[in-house]
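# Structural description and commentary
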Amino acid sequence: MSTKSYRYPAPGCYRLAPGLRLLEGTDGQPGGLVITSHPLRVLRLGQHAWQLLSLCRQERSDVELARLSGLAPGRVSALCQQLSARGLLEAGPPPPPRSWPGVSVIVPTCNRARQLARCLQALLGLRYPVHALEVIVVDDASHDQTPAVLARLAPAFASRGIRLCCLHHARRQGAADARNSGAAAARSELLAFLDDDCVVTPDWLTTLVPLFVEAKVAAVGGQIRAYETGSALGRYEDVRSSLFMGLQPQEVRLSGPLTYLPTACLLVRREIWQALGGFAPLTCGEDVDFCYRLLAQGWRIRYWPAPEGVVYHDYRTRLWTFLGTRVHYASAEAVLQQLHPQQRRVLLLPPREASFAVLTLGSLWRLFSTVVAASLRRRKPGGLPHTSKSGRASVSLLLTLLALLLPAASAWHRRQRLQLAQLPLTVWQLWQATLRSYLAYTYHLCRHLTRYYTLALLAASPLFPPLLVLVGLLQAIVVGVDYTRLRPRLGLLAFACYALLEDCAYAFGLLLGCWRQRTWRPLLAVIQWKNATAPQSSSLLNHPTQAEHLLHLRWPNDTAERR
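Reading the values: rules and limits
Residues numbered from 1 in each chain as written. Predicted model: local features only at pLDDT ≥ 70, side-chain atom pairs only at ≥ 80, totals over all residues. Heavy atoms only, no water. Core = buried A, V, L, I, M, F, W, Y, C linked by side-chain atoms within 4.5 Å. Buried < 20%, exposed > 50% of the residue type's maximum accessible area, 1.4 Å probe, protein only. Contact = heavy atoms within 4.5 Å. Axes fitted to C-alpha atoms, helices over the stretch in contact; angles between N-to-C directions. Helix = DSSP H or I, 4+ residues; strand = E, 2+ residues; numbered from the N terminus. Parallel < 35°, antiparallel > 145°, perpendicular 65-115°, else oblique. Left-handed = near helix turned anticlockwise from the far one by under 90°. Nonpolar A, V, L, I, M, F, W, Y, C, P; charged D, E, K, R; others polar. Expected span 1.5 Å × (residues − 1). Bend = angle between axes of the 7 residues up to and from the residue. Pairing = 2+ DSSP bridges. Disulfide = S-S within 2.5 Å. Salt bridge = Lys/Arg side-chain N within 4 Å of Asp/Glu carboxyl O.

### Structural notes on the nonpolar core
Within soluble globular proteins, side chains that are nonpolar generally end up buried alongside one another. Within the largest apolar cluster, 48 residues are counted, with the highest numbers of intra-cluster contacts made by Val-105, Leu-123, Leu-194, Trp-204 and Leu-205. Those residues in contact with Leu-205 that lie beyond four places of it in its chain are Val-103, Val-105, Leu-126, Tyr-128, Leu-133, Ala-192, Pro-210 and Leu-267. Val-138, Leu-191, Val-288 and Val-335 belong to the second-largest nonpolar core, a separate cluster that totals 35 residues.

This is the structure:
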């Protein structure tokens, strides 16, 4: 992962999102056009929204925007929040509250005395008002040195004025029930759930707590990175763990792309936790279930990965435990799909994009098969006939040309629409955006197949050997894109090996979960024949009390799966 982190605007400030073009209206209407490049969108904004975007070419506070625009402060705040939700503005964190709310940090633990001691030492270093802070440790029937660690660190908490509450389960009940026990004993209005193998940064709470200034925000989570990066597996987990949600702030939504936040770093309003009945008694996936239920009630969840609020997680960096963790995580998917059938895995197969992906993969598959067959036959007398090589190459070239015709047709269709609307986009810009969307769809489709079907394809390859080449091709595409995008601090070969093993372990865990739940539905995705690049229109923000912009043409973010 690149060491260059996302630079947030100052607290209470906004700035124009990168990659936007602002064009003043030429048709006599107030406002203007906004063109975004990734994904390609053309939006017409009303006068007030256009005015705010123009002012935000340089970073400005909401107070300054109200003064310069002449709009009421409440109006400016509402417009900026909606423009930020649309990806047109980047928002800084809310200013610190005048009075910091009480926070109860809840740490479930079981037979991890060493990790617990390290976690509590980090909590002692929190820069948060001690009168508003309490730490609750729930010992889930440990039989190691956990009681001794708590007794040793209790005086340190007392000397700092932080209340340390220790609860003990007579028998092991699991992490979900342990968190529920801690939350039931909490006195504060905010609950901060933390795993015992995590280490917080000093400004963890002061970074995340201000986001609760919005009444509809029920939960907030921060960035989770690897604590130990000395090993190759640790560096792999740092960028590809299911706990790492990226470097950009996001809104958690049931429709994705981010649908949950892990309880390794999750702050929740206590009254909402009580209204939902706490965490379900699951052995794994209780955080996903909790977020689904919370979002279904209309509450908001924010992901805020500011570097000041990072939590470091001590991942399992031995190969066997790494694979076991993936199996454990995947086995929960069957349970979650039974609890939330509306959240079944969806595979989008829009006709043009899916055809492009199939033709491209077919071309590469044919080419790779030729290379593999040639390398194998060189070891045998006779070699590979030249006509066979040229014939296979011709088929591969033909499939490639057919694949390129599809984005070309889409680009031409969009060009016709743009000419009718008199929008200022060149043919080259349209071709770039269209090809990028088709390639992005191909990547997501490959990622879907590798995550869920790698093990099945490998198992079937002895009966049909070309499937082995297909597995290698799919893995090469996914690993190549992820390695370039994530920039892990380990070699490409090691990254590829861990990715292959992870996919096999996840597929095995999914099979195990299906067998335990006596259902095979999670193995099959729900197919939707949706055109991912069809222009859409929207008047969501056309109401005079909302941000005044009308979406004319939009090609949404490309995705092939929704988890």
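Moving on from the model shown.
### Remarks on the packing of helix H8 (residues 232-240) against helix H16 (residues 492-517)
One can describe the packing of H8 onto H16 by two numbers: an axis separation of 11 Å at closest approach and a directional angle of 70°. Classified by the angle their axes make, H8 and H16 are roughly perpendicular. For the pair H8 and H16, the crossing hand works out as right-handed. Between H8 and H16, the contacting residues are Ala-232, Leu-233, Tyr-236 and Arg-240 on the first element and Phe-495, Tyr-498, Ala-499 and Glu-502 on the second. Looking at the contact of H8 with H16 residue by residue, the class counts come to six nonpolar, no polar and two charged.

### Concerning helix H5 (residues 146-160)
If you check H5, its first and last C-alpha atoms are 21 Å apart, about what 15 residues at 1.5 Å a residue would give, namely 21 Å. Along its length, H5 reaches its greatest deviation from straightness, about 30°, at Leu-153, and the proline Pro-155 lies no more than four positions downstream. Among all positions in H5, only Thr-146, Val-149, Leu-150, Leu-153 and Phe-157 are buried. Two residues or fewer after H5 comes Gly-161, characterised by a positive phi angle close to 85°.

### Things to note about the sheet that holds strand E7 (residues 103-109)
Adjacent strands of a sheet pair through backbone hydrogen bonds, lying either parallel or antiparallel. Spatially, the eight strands line up as an open sheet ordered E9-E8-E7-E10-E15-E12-E16-E14, and their pairing is mixed. Bordering the open sheet on either side are strand E9 (163-168) and strand E14 (250-252), each of which pairs with just one other strand. Across this sheet, the average inter-strand angle for adjacent strands is 20°, counted without regard to direction. As paired strands, strand E8 (residues 133-139) and E9 are joined by six bridges and run parallel to one another. For Asp-139, the partnering residue across the bridge sits in E9 and is His-168. Strand contacts of helix H10 (residues 286-296): strand E12 (217-221), E14, strand E15 (265-269) and strand E16 (300-303), with the helix running at about 125° to E16, the strand carrying the most contacts.

### Things to note about the packing of helix H1 (residues 47-55) against helix H3 (residues 73-85)
Packing of H1 against H3 leaves a shortest axis separation of 10 Å and a crossing angle of 80°. Comparing the axis directions of H1 and H3 gives the class roughly perpendicular. Side by side, H1 and H3 meet where His-48, Ala-49, Leu-52 and Leu-53 of the first sit next to Arg-75, Val-76, Leu-79, Cys-80 and Leu-83 of the second. For the contact of H1 with H3, a count of residues per class yields seven nonpolar, one polar and one charged.

### Some points on the sheet that holds strand E11 (residues 198-200)
Across the sheet, three strands lie side by side as E11-E17-E13; this open sheet has mixed pairing. Bordering the open sheet on either side are E11 and strand E13 (224-226), each of which pairs with just one other strand. Mean inter-strand twist for the sheet, computed between neighbouring axes without regard to direction, equals 30°. Sheet analysis places E11 next to strand E17 (residues 311-313), joined by three bridges and oriented antiparallel. Residue pairing across strands places Cys-198 opposite His-313, the latter belonging to E17.

### Brief notes about the state of the cysteines
This model, assessed by the stated rule, comprises zero disulfides. The thiol sulfur of Cys-56 is not disulfide-bonded, and the nearest other cysteine sulfur, from Cys-80, lies at 5.4 Å. In this structure Cys-198 is not part of a disulfide, and its nearest cysteine sulfur, from Cys-119, lies 6.9 Å away.

### Quick notes on the side chain of His-169
Locating His-169 in the fold gives a position in the loop between E9 and helix H6 (175-185). The exposure class of His-169 is buried, given its relative accessible area of 7%. Excluding its chain neighbours within four sequence positions, the residues that come into contact with His-169 are Val-138, Asp-139, Asp-140, Ala-141, Asp-177, Ala-178 and Ser-181.

### Details of the pattern of salt bridges
The tally for this structure, following the rule as stated, stands at 23 salt bridges. The partner of Glu-502 in a salt bridge is Arg-326, and the shortest N-O contact between them spans 2.9 Å. Of this pair, Glu-502 sits in helix H16 while Arg-326 sits in helix H11 (residues 319-339), and the two are 176 residues apart along the sequence. The burial state of Glu-502 is the same as that of Arg-326; both residues are buried. Linked by salt bridges that have partners in common, Glu-237, Arg-240, Arg-326, Asp-482, Arg-485 and Glu-502 make up one network.

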